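# Working through the structure, step by step
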Amino acid sequence: MTPNDVIYHIKQSKEFTDAWNHFSREEKEEVIKRLEDQSPKDIAKVLTEVKTGQYRLF
């Protein structure tokens, strides 16, 4: 996904938008970077991982 696609999909959900608004600039950049190669269905997982600092090992 492009950065615009990521932001578009996040803005489509109130829950994602609320979480996004509490992220720092660095966290937002990390979310965008990690979602480049993933599908929109992974947004919730990536938002949680970036916010909690838990990254997948696989």
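Residues numbered from 1 in each chain as written. Predicted model: local features only at pLDDT ≥ 70, side-chain atom pairs only at ≥ 80, totals over all residues. Heavy atoms only, no water.

Time to look at the environment of Pro3. Here Pro3 shows up in helix α1 (residues 3–11). Looking at Pro3, the relative accessible area reads 40%, which means it is partly exposed. For the pair Pro3 and Thr17, spaced 14 residues apart in the sequence, the C-alpha separation amounts to 15 Å. (Helix = DSSP H or I, 4+ residues; strand = E, 2+ residues; numbered from the N terminus. Buried < 20%, exposed > 50% of the residue type's maximum accessible area, 1.4 Å probe, protein only.)

With their axes 6 Å apart at the nearest point, α1 and helix α2 (residues 14–21) run at an angle of 115° to one another. Residues Ile7, His9, Ile10 and Lys11 of α1 form the contact with α2, whose participating residues are Phe16, Thr17, Trp20 and Asn21. Taken together, the residues of the contact of α1 with α2 sort by class into four nonpolar, three polar and one charged. (Axes fitted to C-alpha atoms, helices over the stretch in contact; angles between N-to-C directions. Contact = heavy atoms within 4.5 Å. Nonpolar A, V, L, I, M, F, W, Y, C, P; charged D, E, K, R; others polar.)

No statement about biological role is implied by the geometric values presented.
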